[in-house]
Structures are given as structure tokens and as C-alpha cells.
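Structure assessment
Next come the chains, spelled out residue by residue.
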Amino acid sequence: MLAWTIYISFLGVLVLMLLPKGNASAARKVAMLTAVAGCGVALLGFVQHQPGETVTVANVPWIPSLGIHYHLAADGISVTLVLLTGLGAIAGILFSWNVEHRTKEFFAFYLALIGGVYGVFLSFDLFLLFVFYEIAIIPKYFIIAIWGSTRREYGAMKLALYSFVGSAMVLIGLIAAYIVAGAQTMSLQALAQHAFPVGFQMWAFPLVFVGFAILAGLWPFHTWAPTGHVAAPTAASMLLAGVVMKLGAYGCLRVAMTVFPGGMENWSFGVLGFHSWRDVIAVLAVIGIVYGALVALVQKDFKFVIGYSSVSHMGFVLLGLVTLNTIGLSGAVLQMFSHGVIAGLLFAVVGRMVYDRTHTRELSVLEGMRLSKAMPFAAVTFVIASAASMGLPGFSGFVAELQVLIGAWAAYPTLAVITGIGIVIGVAYTLRAAMKAFFGEEEQPLTPALSPSDGEREKRLHDVSHPEGMEDGTPMEAISVPERIGAVLLIGVSLLVGLYPQVLLRVIMPSFDSPLFDWLRRGGGL
């Protein structure tokens, strides 16, 4: 039934487009019913999945002359990320319940993106995977460009250009693999078993890995991410950080590392201390962890803090992938799920609960509003999300990052220590953002030493107490029921995985025993 996650999503798009114009209420209900149905199928597939098995969902010829099949299948990694997509889809709609501008078009693009993401995680034919990958990219551009905020057209175009450059790199690598393998099939399983020349893999692996890793926020190709997050509406930010960046990491693992494992072997020479592409990627991942945390520490825009924190946390995923041991790899997949939940919650608080009510994201301005009193639910939610983001025990982030660190210690001890520094900086920027945004001091009148005119002093105090768009004496809009449900959903999921990580690890870890990962065992990685 997992294929129905895709079909239900695109069926929802069709129903939305048939709705009469201006019926926002009906559009919301259709979108929510579609997301709930898709998540229900994903949850059912996850619960029924047997650890270690790879289930063929559909496999029929699509373009027989090229050996291309409509081949959908699922292992433990796939069902975990499909479940994440379903949860993210529901949460994003709950936090977009206030969208009034072209509502049905907004949710149509939203569900098309969700359908594309489901397709990527279930595709076991590389051409089909690439098609779904592109389907997921296109709606992102329109959602940001039409419904975004700060420099939305620039953010949308930058995201699209980076995505398409990465896609072009991936496509070149896939076509090359198809031809070298005899131009008979694009099956992931067949190509994974094919003995490609090591020389070919040495250039194909970095080409495809980096092509996918661009979407995962690999430093220094990460610059689209903070800009895109800030420009995107709340639901798009949640999906961008929650599931779209996971497409890139998933492609690195499922395609680049599986089809071209020889590309990770040591070179016959060393360059600046690097002896393989694996070493290069590990260093770039750690740079991303520390750099993202340092830049987040000095940001003045609340949403930029969360945007750069996503770059930092995705570095853990990429580092875990190149450890090439079971605990590191399973930690990387668990971090994909954990970051998807936590980052979605953080963007929901910043974008929907705070920005939509205060009309500002400047921490210096928010500091004088004492939002912990004006919006206590938002403050509590952000504190809990911050604790999860910092990796406190009891939340999903702790288990995921701990596994990555243990795996990294076995493979790259020095890098593991540097990664620990990144975690400490992460605690600092998270606490700084929470204090400034929700627990800052009330703005006091300027001292006479500054000698402002009475009018300037009065205007400054008014601007802080009454953000743009709010009239004098008008209380802030209360946190709505859909927002409360979405927050509780995401917090509950993070707590569940943090307190009982085996709920996911029981299907993730046995996946690395499948024939797709024979290359890891041959190389001694497992």
C-alpha cells in the first residue's frame, strides 16, 4: 500500500484544482484529509515492515526499450523517511491554516511537493527516482516565489538554481553508469551489483554525491539553505528543512554510495592529508557543523538562526554517512528523521507563531517584547524544541547525534572532537536565541545622556511595544488550535524516539544487512 502515499498526494492536487476559486475552507480540508490519509498509509507500512526485508511495492515496465521500470520498493530506511514525510505534511498544513491568498493553489503545490518526496524515498529505479526528485524541486520554487516573504524571488531562484545544478551533476553520473553497465537497466539493485571500473567510480562518486549533497546543505554549497528558509512561508520552511534536505542526504546514501562504493576507496596518493573522497567529505561535513553553528551564533534575524542551525545539524548526517560503520550510518538516518521533526517545529514557532504576529524577526526588537508573557505557549514550545535541538537526553536529537559521534570516533577521532566543539556552540546560539526572542528585558526609556527628542523617544518605545501591523491596545492573536495540535504532534514524536529509539532503529539498522550494502561488508566497514 505504500505506493498510495504517492497516488493519494497527487489525487489531492487534482481535487484541489477542481475546487471553485476562493473556497479556502474547502481547500484546507482537502489538503488535510489528503495529508492524513498519506500519513496513515505511511504509518501502516512502517508498522507492518519486517526488519531487514526489502518489499517490492510495484515493478512494471515503463520504458522497455531503455530498460526503465516503474519500480517502487521499501526497506527500513525508506519506510522511516516516508513516515517522516507524512508527519511533516500534516504539521505543515496545521501551521498553514491561516493562508488566505490563493489557498487552493498553495496547497496544490504543497501536495505535489509531498508526492514527489514520497516518490523519491520509494523509487528503486534510478531514472524514476530522478523524475520524482525533479517533481519535488519545481513546487518549491513557486511556493517561495508566490507566498514567501523576505526577498522571496531571490530566495526561490537561488534555491532552484542550486537544485538544478546539483540535479545536472546527478543526471550526468546516472547516464554514465547506465552506459558503462551496458545500457540495459536503471535498476538500483542491478547497478549496485555491477562491477564498475574503479577509475570510473573515482570520478562518478564525487560527482553524484556532491550533486545530491548540495540539497543536503554540504559546505560550501550550503548558501541557498538559509536564504531559502528565510524567504519561504512557514510550511515551506518546515518542509525544506524537514524533508527536502533529506532528499539530498538520502540520494548520497541510496545512489552515490551504493552504486559507486569504489569511489570511497583510498587514492594511490595523498593531497593535503586527504587520501580519499571519503576524507574530503568528512572534513567538509565537520566544517559545516562548526561553521553553521558559529554563523548562527551572531545572526540578528531569528529565522536565519534556525536556517544556519539546519546547515550545522545536516553536517551530522553527512558525517555519519562517511563513517562507513553501522552505528554511524544508522545514526545518520536517525538524524535525518530527528532533524526533520525538530527543525520543522523550530521554523513553525519562528515563522507562524512569532513572525506572523509581531511582523518582525529582528532579535533586538523581539527582545523588548517579552513574548514569554504575550505568547507563553510559543515560548514553552520553543524552549522544548531548543532542548531537543541541543541534543538533551530524552529527545530524538540526543540519540541520533550520539550514534554519529560514536561512529565518527571509530573512523575519524580528531574530527569527532571538533564536532563536539560544534555541539557546544550549538548550545550557545540556541540559548541566545531563546533568551533574546522570548525572555529579554522590557525596553526602557532612553537615558537623557543620549539627548533624543521627546518625539524620537516616544516613537522608539511605540515601535517596540506595537510592531508593524498591530494597533494600539490590540492584543496579539492567540495561538490557534491547529498550531497547538501541530506543536504537540512534533514534540510527541521527538520525545517518543528519544525515550524509545528502538522504535526506529529496529527497522533502520537491519537495512544495512541487505544485498544493497554488500560493498560495505566487503570493505570491512560493517
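Remember, it's a predicted structure, so these values are computed and weren't measured experimentally. (Residues numbered from 1 in each chain as written. Predicted model: local features only at pLDDT ≥ 70, side-chain atom pairs only at ≥ 80, totals over all residues. Heavy atoms only, no water.)

At the junction of Trp 219 and Pro 220, the peptide bond is cis and its omega measures out at 5° in the coordinates. Along the chain, the position of Pro 220 falls in the loop between helix H8 (198–213) and helix H9 (224–231). Of note in the backbone geometry, Leu 324 takes a positive phi value of approximately 60° without being a glycine. Note on placement: Leu 324 falls in the loop between helix H12 (302–321) and helix H13 (326–358). Positive phi, close to 60°, is recorded for His 359, a residue that is not glycine. Locating His 359 in the fold gives a position in the loop between H13 and helix H14 (363–366). (Helix = DSSP H or I, 4+ residues; strand = E, 2+ residues; numbered from the N terminus.)

A general feature of soluble globular proteins is that nonpolar side chains tend to end up buried together. Ranked by internal contacts, the top residues of the largest apolar core, which has 191 residues, are Phe 302, Phe 382 and Phe 438. Looking at this core, the element that brings in the most residues is helix H10 (residues 234–259), giving 18 residues. When sequence neighbours within four positions are dropped, the list of residues in contact with Phe 438 reads Phe 302, Val 349, Val 354, Arg 370, Leu 371, Ser 372, Ala 378, Ala 379 and Phe 382. (Core = buried A, V, L, I, M, F, W, Y, C linked by side-chain atoms within 4.5 Å. Buried < 20%, exposed > 50% of the residue type's maximum accessible area, 1.4 Å probe, protein only. Contact = heavy atoms within 4.5 Å.)

A word on H9. Of all eight residues that make up H9, eight are buried, and the element is covered over most of its length. Buried within H9 are the following residues: Trp 224, Ala 225, Pro 226, Thr 227, Gly 228, His 229, Val 230 and Ala 231. Here the buried face of H9 lies against helix H5 (126–147), helix H6 (152–180), H10, H12 and H13.

This part covers the pattern of salt bridges. The full count for this structure, using the stated rule, is four salt bridges. Between Glu 483 and Arg 352 there is a salt bridge, and its shortest N-O distance comes to 3.2 Å. Taken together, the residues Glu 483 in helix H20 (residues 481–499) and Arg 352 in helix H13 connect sequence positions 131 residues apart. Of the residues examined, Glu 483 reaches a relative accessible area of 1% and is grouped as buried. Owing to a relative accessible area of 4%, Arg 352 belongs among the buried residues under this scheme. In this structure, Arg 357 and Glu 483 form a salt bridge, with 3.0 Å as the shortest nitrogen-oxygen distance. Taken together, the residues Arg 357 in helix H13 and Glu 483 in helix H20 connect sequence positions 126 residues apart. Each member of the pair, Arg 357 together with Glu 483, is buried. (Salt bridge = Lys/Arg side-chain N within 4 Å of Asp/Glu carboxyl O.)

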